[in-house]
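# Survey of secondary and tertiary structure
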Amino acid sequence: MVNYILLRLLRMIPQMLIISVLAFVIIQLPPGDFLTERINRLKATGLTVDNAEVERLTKMYGLDQPMAAQYIKWITNIITKGDFGYSWTFARDVNEIIGSRMGMTFFISFLAFVVCWSFAIPVGILVAVKQYSVIDYFFTFLGFIGLATPGFLLALVLMYVSFEYFGLKVGGLFSQEMILAPWSWAKFVDFLKHIWLPVIILAIGGTANLIRTLRATMLDELRKQYVTVARAKGLSEFKVLMLYPVRIAINPIVSTFGWLLVWFFSGGTVVEIVLNLDTAGPMLWRALMTQDMYTAGAYIVIVGFLTAIGSLISDLLLAAIDPRVRFGGLEA
Amino acid sequence: MPEQDQNLLLEIKGLRTYFHLAEGVVHAVDGVDLKMHRKETLGIVGESGCGKSISAYSMLRLVPPPGKIEAGEILFYKTPKDGSTNQAEIVNLTKLDPNGSEIRNIRGNYISMVFQEPMTAMSPVRTVGQQIMEAIILHQKVSKEEARKQTIEMLRRVRMSNPERVIDDYPFQLSGGMRQRAVIAMALCCRPSLLIADEPTTALDVTTEAQILNLMRDLQDEFGMAIMYITHNLGVIAEMADNVAVMYMGRVVEQADVSTIFYNPLHPYTQGLHQSIPQLKDALSRKEHKRLDVIKGMVPDPYSRLKGCPFHPRCPKFIAGVCDEVEPRMVEPEPGHTVKCHLYG
């Protein structure tokens, strides 16, 4: 088992390198770079740009070097110093702006994930057990709406409703007067008042998805002989369900745990922009719009890293709950 | 007859279990009458779909929806396990709530069941021990350590090699025969007074089948339980049963002791079943291959319900105007031998 984990961690190194190369190349693909982008904008506003100044900046940032050289310089700094470079858009080090925003995004994603599992798992079991009942149809209907409605639309509607009918202003992460205040209990409460909306919006799509998955796998398992055998032992219906079909039906949920978290992480960008949250999503968007490759690259590399870690955790959890995985895959 | 009552274990009277489907009503069990005594082995034979298994499921109230017990009684003569009295309490199983505590106390404790497929009878993600122990803990209210000890002992009784290791194995690590042994251990761990075996050896190869049959007979002597053995295999019935009930389309058409059923079958359906058994020596002595004698026709479609005797379209001794008009009553042409056929009553 320990060997397996070590092996998986080792395998992550080439994985991460490939992700970083791809991220870097994709960001560089559009014509031009951050400087040309900025010069164009200055020209558009009628200002003249000094050619010597442009050349000086190009040299300073290494933009005249070939892409491979730029990449090597970038990745070396990340690996050796943990330095993601300088963000032109935000005029600060990437590390400085990315830390708090990533933390916030991660926190929101995590809450969305908790809401998603704690709602989807009991409901998924319920609708499978009560197949074709009113409850089943109700949640199926709700689920398809949840799957089909884009998050940003939901965000707009909920913002409108809460402002129009309840007089709440729900955009942002904090109230106006709390933004600059140091962390305190009052600020935390204020934060919770703002955060529920993005959490729910993010959670809805994933929840609907999980309910459908769990319902399908539960229905498969409920028909298996061992469920009848368990009943024939005299176990109560609740115990029969929890110890037998649920134990197996939960597999696909556990094995997608890693992706779900990352899906919340990256899927939230549009919602975060609409809700005007000071999180990582809008930052990525601004960075991409201005061809700020170091900021965008940092974001993609970090998300890639989280994906790899997430799927490792998923696989370990799956091995923990399903001996067939343990005996079949890992020791062979 | 008070003496006979003492030994009575189970009495099924006019049991009807129907499935209400969109296509129509399936009369899976359509008036079954049976009697079982303590320590007796009752074989139930019949073609697939004749209602053998659904009768058994009805007894444990495990009929899957949309199946429903429509009529009849299943009287179980329950003798207390602590031996405080020999006086049996009569429980009508059809009247119990299928999820209630009363039927759950009977399941696995007084009446156990072994199913056809040993491969799928256990959850693949829990150990053999966990799945046996939970029944012991549930019904005998003992500690985990005690349950584990009893489980190992029970695995030894079913002649599982190396029970101390097997108890922590997962079902997929065992072979088919081993798994069926584990399933039998699971069914017997609370020493039930009735074991329902629903084709327990159909999925096994012949040598393993013989071992399991021997094992069940030995355990029956040891534990003093009655076995209801459901199968379509007459050879197994000859080997195992004291008495035999032959089922056709949800009904018991003939019931007698095993030698009578084999040497003096009365119902044309039972006679037909005998002729359909392939005989090895006949097959070898014949020069040209002759087709097996089979009962002509097919089991009628399950939604229809025939007027008169359900077997009349396939019956070689069909009497026009009688068999397709009047449903035969159960008659007893000789003591202990009952048959539902117009030829005898």
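As a starting point, this report considers the structure included with it. (Residues numbered from 1 in each chain as written. Chains lettered and ligands numbered in written order. Predicted model: local features only at pLDDT ≥ 70, side-chain atom pairs only at ≥ 80, totals over all residues. Heavy atoms only, no water.)

Along its length, chain A carries 17 helices and 2 strands. Its C-alpha atoms give chain A principal-axis dimensions of about 85 × 60 × 40 Å. Considering chain A as a whole, with its 332 residues, one finds that 44% of them fall into the buried category. In chain A, 74% of the contacts between residues at least 6 apart in sequence involve partners at least 24 apart. Working note: accessible area of chain A is about 17,500 Å², and carbon and sulfur atoms make up 70% of it. Distance from the positive charge centre (26 side chains) to the negative charge centre (22 side chains) of chain A: 9 Å. (Helix = DSSP H or I, 4+ residues; strand = E, 2+ residues; numbered from the N terminus. Buried < 20%, exposed > 50% of the residue type's maximum accessible area, 1.4 Å probe, protein only. Contact = heavy atoms within 4.5 Å. Areas by Shrake-Rupley, 256 points an atom, 1.4 Å probe, with all protein chains shown as cover. Lys, Arg positive; Asp, Glu negative; His and termini not counted. Charge placed at Lys NZ, Arg CZ, Asp CG, Glu CD.)

Moving on to the environment of Leu204 of chain B. Counting through the fold element by element, Leu204 of chain B comes out in the loop between strand E7 (194-198) and helix H8 (206-223). Taking the C-alpha atoms as reference points, Leu204 of chain B and Gln180 of chain B, separated by 24 residues in sequence, lie 8.8 Å from one another.

What follows deals with the pairing of strand E8 (residues 226-231) of chain B. All names here are of chain B. Burial within E8 is extensive, with 6 of its 6 residues counted as buried. Of the two faces of E8, the one carrying Ala226, Met228 and Ile230 and the one carrying Ile227, Tyr229 and Thr231 are both buried. Where strand E3 (residues 41-45) meets E8, 5 bridges bridge the pair, whose relative direction is parallel. For Leu42, the partnering residue across the bridge sits in E8 and is Met228. Judged from the 5 bridges that link them, E7 and E8 form a sheet pairing that is parallel. Residue pairing for E8: Leu195 is matched across the bridge by Ile227. Since E7 and E8 lie parallel, the crossover through H8 that links them has a hand, and here it is right-handed. (Pairing = 2+ DSSP bridges. Right-handed = clockwise from strand over helix to strand, strands pointing away.)

Here the focus is the sheet that holds strand E10 (residues 251-257) of chain B. Residues and elements named next belong to chain B. Judged by pairing direction, the sheet is mixed, and its 8 strands sit side by side in the order E6-E7-E8-E3-E9-E10-E12-E11 without closing on themselves. Here the strands that pair on one side only, and so sit at the sheet edges, are strand E6 (111-114) and strand E11 (330-334). Direction aside, neighbouring strands of the sheet carry axes that sit 20 degrees apart on average. Pairing between E10 and strand E12 (residues 337-340): 2 bridges, direction antiparallel. When the sheet's bridge partners are listed, Glu254 is paired in E12 with Val339. (Axes fitted to C-alpha atoms, helices over the stretch in contact; angles between N-to-C directions.)

Quick look at the packing of aromatic side chains now. Under the criterion given, the structure shown has 23 aromatic pairs over all chains. Geometrically, the ring pair formed by Tyr71 of chain A and Trp74 of chain A is tilted, given 6.1 Å between the ring centres and 55 degrees between the ring planes. Of the two residues, Tyr71 of chain A and Trp74 of chain A both sit in helix H4 (residues 67-81), 3 residues apart, roughly one turn of that helix. Of the two residues, Tyr71 of chain A and Trp74 of chain A, neither departs from the other in class, the shared state being buried. Considering the side-chain rings of Tyr57 of chain B and Phe115 of chain B, the 6.0 Å spacing of their centres and the 75 degrees angle between planes classify their relative orientation as edge-to-face. Of the two residues, Tyr57 of chain B is situated in helix H2 (residues 52-59) and Phe115 of chain B in the loop between E6 and helix H4 (128-140); the sequence distance between them amounts to 58 residues. In this structure, Tyr57 of chain B and Phe115 of chain B share a single accessibility class: buried. Taken together, Phe107, Phe174, Trp183, Trp185, Phe188 and Phe191 of chain A form an aromatic cluster joined through their ring pairs. In this structure, Lys187 of chain A is placed above the aromatic ring of Phe174 of chain A, and the distance from its NZ or CZ to the ring centre is 4.5 Å. (Phe/Tyr/Trp six-rings, centres within 6.5 Å; stacked < 30°, edge-to-face > 60°. Lys NZ or Arg CZ within 6 Å of the ring centre and 35° of its normal.)

With that out of the way, let us pick up the sheet that holds strand E2 (residues 24-37) of chain B. Residue and element names in this part refer to chain B. Judged by pairing direction, the sheet is antiparallel, and its 4 strands sit side by side in the order E2-E1-E4-E5 without closing on themselves. Edge positions in the open sheet fall to E2 and strand E5 (89-92), since each of these has one partner strand only. On average, each strand axis in the sheet is tilted by 10 degrees relative to the strand beside it, whichever way the strands run. In the sheet, strand E4 (residues 67-78) pairs with E5 via 4 bridges, with the strands oriented antiparallel. In the sheet register, Leu75 faces E5, and the bridge partner there is Asn92.

The accessible area lost on association of the parts is a frequent measure of interface size. Across the boundary between the two partners, chain B contributes 26 residues, which contact 21 residues of chain A. Approximately 2,100 Å² of surface area, both sides summed, lies buried where chain B meets chain A, with 66% of it carried by carbon and sulfur atoms. The residue Glu134 of chain B makes a salt bridge to Lys233 of chain A at a minimum N-O spacing of 2.8 Å. With 5 residues, the single largest contributor to the side of chain B that touches chain A is H4 of chain B. (Buried area = accessible area lost by both parts, 1.4 Å probe. Salt bridge = Lys/Arg side-chain N within 4 Å of Asp/Glu carboxyl O.)

Here we take up unusual backbone geometry. Residue and element names in this part refer to chain B. Omega for the bond connecting Pro65 with Pro66 falls within 30 degrees of zero, at 5 degrees, which places this linkage in the cis form. Along the polypeptide, Pro66 turns up in the loop between H2 and E4. For Glu199, which is not glycine, the phi torsion reads 45 degrees and is therefore positive. Of note, Glu199 is situated in the loop between E7 and H8. Backbone geometry places Met249, a non-glycine residue, at a positive phi of 45 degrees. Relative to the helices and strands, Met249 resides in the loop between strand E9 (243-248) and E10. On the basis of relative accessibility, which here comes to 15%, the residue Met249 falls in the buried class.

This part is about the pattern of salt bridges. Two side chains bearing opposite charge may form a pair once their charged atoms approach each other closely. Residues and elements named next belong to chain A. Within the structure shown, the criterion is met by 25 salt bridges over all chains. Of the charged contacts in the structure, one is a salt bridge between Glu96 and Arg92, with a shortest N-O distance of 3.7 Å. On the basis of relative accessible area, Glu96 is assigned to the partly exposed category, the value being 48%. Glu221 serves as the salt-bridge partner of Lys224, at 3.1 Å between the closest nitrogen and oxygen.

Moving on: H4 of chain B. Residue and element names in this part refer to chain B. Taking 1.5 Å of rise per residue, 13 residues should cover 18 Å, and H4 covers 19 Å from first to last C-alpha, within 8% of that figure. Along H4, the residues that are buried comprise Val128, Gly129, Gln131, Ile132, Met133, Glu134, Ala135, Ile136 and His139. In the segment just after H4, Lys141 is the residue with positive phi, at about 50 degrees. (Expected span 1.5 Å × (residues − 1).)

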